[in-house]
Amino acid sequence: MDLREERPSDRQALRDIHLRAFGDHGPVVADLVDSLRDTVSPESGLSLVAEHEGESVGHVLFTRSLLDAPRRLIEVHVLSPLAVLPGFHNRGIGSALVRHGLKALSERAVPVVFLEGDPGYYSRFGFTPGDDLGFRKPSLRIPDGAFQAIRLPEYEPWMTGTLVYAEPFWRHDAVGLRDPDA
């Protein structure tokens, strides 16, 4: 397996990965990726692709968001989404993408990375409940256990507060869970 940064020619293959990996929710996630991709630059954000024998089989996106800390706004990143083609699950591809991304963001002096996800999966990378670290989730629709963060070496103790998602998350209604019975 090879890991590399996304190239313009990857767009359709990555869209397909998200459509297949997220099932019924795939179109929303794929559209979110298309919007978030435009926010990634060499200075901010990271889009990583996993290849197996020349085929794109996994993708992770880290994009810029803000932490509304008491002193000032802090640039942080959000890991979302992470997808691996169903036929390639349980091979360490998702883990390799996450670890590689966290290492790269540490080198770029990002202080905190947030996500919404399964604590049973993401705890292996050092993610813990955001509430326990002094962070507040950007929406009450996010289950408490799913709101997670990892503090990287540039983190300082005064960096607490509320995560403010980038606009595409709101535009695509990709924050937390909607109550279908509401």
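Residues numbered from 1 in each chain as written. Predicted model: local features only at pLDDT ≥ 70, side-chain atom pairs only at ≥ 80, totals over all residues. Heavy atoms only, no water.

1. Section: the environment of proline 111
The test is simple: Secondary structure follows DSSP: runs of H or I at least 4 residues long count as helices, runs of E at least 2 residues long count as strands, and numbering of each begins at the N terminus. Burial status follows relative accessibility: with a 1.4 Å probe on protein chains alone, a residue under 20% of its type maximum counts as buried, one over 50% as exposed, and anything between as partly exposed. Contact definition: two residues touch when any of their heavy atoms are within 4.5 Å.
Along the chain, proline 111 falls in the loop between helix 3 (93–107) and strand 5 (112–116). The exposure class of proline 111 is buried, given its relative accessible area of 7%. In sequence terms proline 111 and proline 157 are 46 residues apart; their C-alpha atoms lie 10 Å from each other. Discounting residues that sit within four places of it in the chain, proline 111 has contacts with Ile74, Glu75, Val76, Ile150, Arg151, Leu152, Glu154, Tyr155 and Met159.

2. Some points on the packing of aromatic side chains
As a reminder of what qualifies: Classification of ring pairs rests on two measures: the distance between centres of Phe, Tyr or Trp rings, Trp counted by its six-membered ring, which must be within 6.5 Å, and the angle between planes, read as stacked under 30 degrees, edge-to-face over 60 and tilted in between.
Summed over all chains, the structure comprises 9 aromatic pairs. Ring centres 4.9 Å apart and planes at 80 degrees place the aromatic pair phenylalanine 114 and phenylalanine 135 in the edge-to-face group. Pair noted here: phenylalanine 114 is in strand 5 and phenylalanine 135 is in strand 7 (residues 135–136), with a separation of 21 residues, a long-range link. The same class applies to phenylalanine 114 as to phenylalanine 135, namely buried. Here the aromatic residues Phe114, Phe135, Phe147 and Tyr155 are joined through ring pairs into a cluster of three or more.

3. Description of the environment of arginine 141
Inspection of the secondary structure puts arginine 141 in the loop between strand 7 and strand 8 (147–151). If near-sequence neighbours (up to four positions away) are discounted, arginine 141 is found in contact with Trp170, Asp173, Val175, Gly176, Leu177 and Arg178.

4. Description of the side chain of serine 44
Structurally, serine 44 can be placed in the loop between helix 2 (26–37) and strand 2 (46–52). A relative accessible area of 10% places serine 44 in the buried class. With near-sequence residues (within four places) excluded, serine 44 lies in contact with Thr39, Arg64, Glu75, His77 and Arg108.

5. Focus: helix 3
The condition is simple: Take the number of residues in a helix, subtract one, and multiply by 1.5 Å to get its expected span.
For helix 3, with 15 residues, the first-to-last C-alpha span of 21 Å sits near the 21 Å given by 1.5 Å per residue. Those residues of helix 3 that sit buried are Ile93, Gly94, Ser95, Leu97, Val98, Gly101, Leu102, Ala104 and Leu105. Of the residues trailing helix 3, alanine 109 is marked for its positive phi of about 65 degrees.

6. Topic: the pattern of salt bridges
Rule in force here: By definition, a salt bridge exists where a carboxyl oxygen of Asp or Glu is found within 4 Å of a side-chain nitrogen of Lys or Arg.
Overall, the coordinates contain 14 salt bridges when judged by the stated rule. Measuring nitrogen to oxygen at the nearest pair gives 2.7 Å for the salt bridge that ties aspartate 34 to arginine 15. Separated by 19 residues along the polypeptide, aspartate 34 in helix 2 and arginine 15 in helix 1 (residues 11–21) bring together distant segments of the chain. A relative accessible area of 25% places aspartate 34 in the partly exposed class. For the salt bridge of lysine 137 with aspartate 144, the shortest nitrogen-to-oxygen distance reads 2.4 Å. Salt bridges here are not isolated pairs; linked through shared partners, they connect Glu6, Arg15, Asp31, Asp34 and Arg37.

7. Details of the pairing of strand 3 (residues 55–68)
The following threshold applies: Note on pairing: DSSP must find at least two bridges between two strands before they are called paired.
Burial runs high along strand 3: 10 of the 14 residues are buried. Two successive antiparallel strands, strand 2 and strand 3, enclose a turn made up of 2 residues, where glutamate 53 displays a positive phi of approximately 50 degrees. Two elements, strand 3 and strand 4 (residues 73–84), share 10 bridges in a ladder whose sense is antiparallel. The residue bridging phenylalanine 62 from the neighbouring strand is leucine 79, located in strand 4. Linking two consecutive strands that pair antiparallel, namely strand 3 and strand 4, is a turn of 4 residues. Where strand 3 and strand 9 (residues 161–164) come together, 3 bridges link them in antiparallel fashion. Bridged to aspartate 68 within strand 9 is threonine 162.

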